[in-house]
Amino acid sequence: YKLVPLDDKMRKLSQVRKLWDDILDLRSVIDVFTDEPIDKGKYDVDHFIPWSFVMNDELWNLMPMDSFLNSAKNNRLPDWNDFFIRFARNQYIMYDMVHQKEGIRKLYEACYRDNLHSIWANQELYRKGNSATEFYGILEKNMRPVYDSARRQGYDVWDRKAV
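Residues numbered from 1 in each chain as written. Predicted model: local features only at pLDDT ≥ 70, side-chain atom pairs only at ≥ 80, totals over all residues. Heavy atoms only, no water.

A. Here's a closer look at the packing of aromatic side chains. Tallying each qualifying case throughout the model produces 17 aromatic pairs. Relative to Tyr95, the ring of Tyr92 lies with its centre 5.4 Å away and its plane at 35°, an arrangement referred to as tilted. In this pair, Tyr92 and Tyr95 both sit in helix α4 (residues 80-100), three residues apart, roughly one turn of the helix. By relative accessible area, which is 17% here, Tyr92 ends up buried. Residue Tyr95 is classed as buried on the basis of its relative accessible area of 3%. Between Tyr108 and Tyr112 the ring centres are 5.8 Å apart and the planes differ by 70°, which places this aromatic pair in the edge-to-face class. Assessed through its relative accessible area of 37%, Tyr112 is described here as partly exposed. Pairwise contacts between aromatic rings join Phe48, Trp80, Phe84, Phe87 and Tyr147 into one cluster. Against the face of Tyr43 rests Arg17, its NZ or CZ located 3.8 Å from the ring centre. (Phe/Tyr/Trp six-rings, centres within 6.5 Å; stacked < 30°, edge-to-face > 60°. Helix = DSSP H or I, 4+ residues; strand = E, 2+ residues; numbered from the N terminus. Buried < 20%, exposed > 50% of the residue type's maximum accessible area, 1.4 Å probe, protein only. Lys NZ or Arg CZ within 6 Å of the ring centre and 35° of its normal.)

Written out as structure tokens, the structure is:
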């Protein structure tokens, strides 16, 4: 067991943040938890399934979200039924822009070192040509077992309404 210094953790998310910053420059993205547009200056890059469970910073598990709510969510899981499809929509926005905009594509490629190691994500999820429905299905097929495992290991579901 080794504590990861905060600057190391930030470094591993810095390319993902640049990617989302440029996406936010081009279009509005709705926060998964607030249903409000994400403010470029007031968001964190957070893990849908907590980092303490997955122990990685894979792009498929990362999302921009309100900084205050990120602190409130802490080490808990979002309710799958309430929030997965919203999360998947934002992931698809990113995917779609990676394949449409060369500048976004270059920022995505800059994520290879720290955030794109999952074979399934590289071969299935991020391949060109997925429809939104296909993309959501691939994401759910691969994320749901990880989510369910975290629940079995005792990770609590975050009560968004209690914030």
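B. Highlighting the pairing of strand β2 (residues 62-66). For β2, the tally of buried residues reaches four of five residues, placing the bulk of the element in the interior. Taken together, the five bridges between strand β1 (residues 43-47) and β2 define a ladder with antiparallel strand orientation. Across the sheet, residue Asp46 finds its bridge partner in β2, namely Met63. (Pairing = 2+ DSSP bridges.)

C. View of the packing of α4 against helix α8 (residues 132-152). Orientation of α4 relative to α8, taken along the N-to-C sense of each, is 130°, at an axis distance of 10 Å. Considered as vectors, α4 and α8 are oriented oblique to each other. Here α4 runs over α8; the crossing is right-handed. Two secondary-structure elements touch here, α4 through Trp80, Asn81, Phe84, Ile85, Phe87, Ala88, Arg89, Gln91, Tyr92 and Tyr95 and α8 through Ala132, Phe135, Tyr136, Leu139, Glu140, Met143, Arg144 and Tyr147. Residues that form the contact of α4 with α8 fall into these classes: 13 nonpolar, two polar and three charged. (Axes fitted to C-alpha atoms, helices over the stretch in contact; angles between N-to-C directions. Parallel < 35°, antiparallel > 145°, perpendicular 65-115°, else oblique. Left-handed = near helix turned anticlockwise from the far one by under 90°. Contact = heavy atoms within 4.5 Å. Nonpolar A, V, L, I, M, F, W, Y, C, P; charged D, E, K, R; others polar.)

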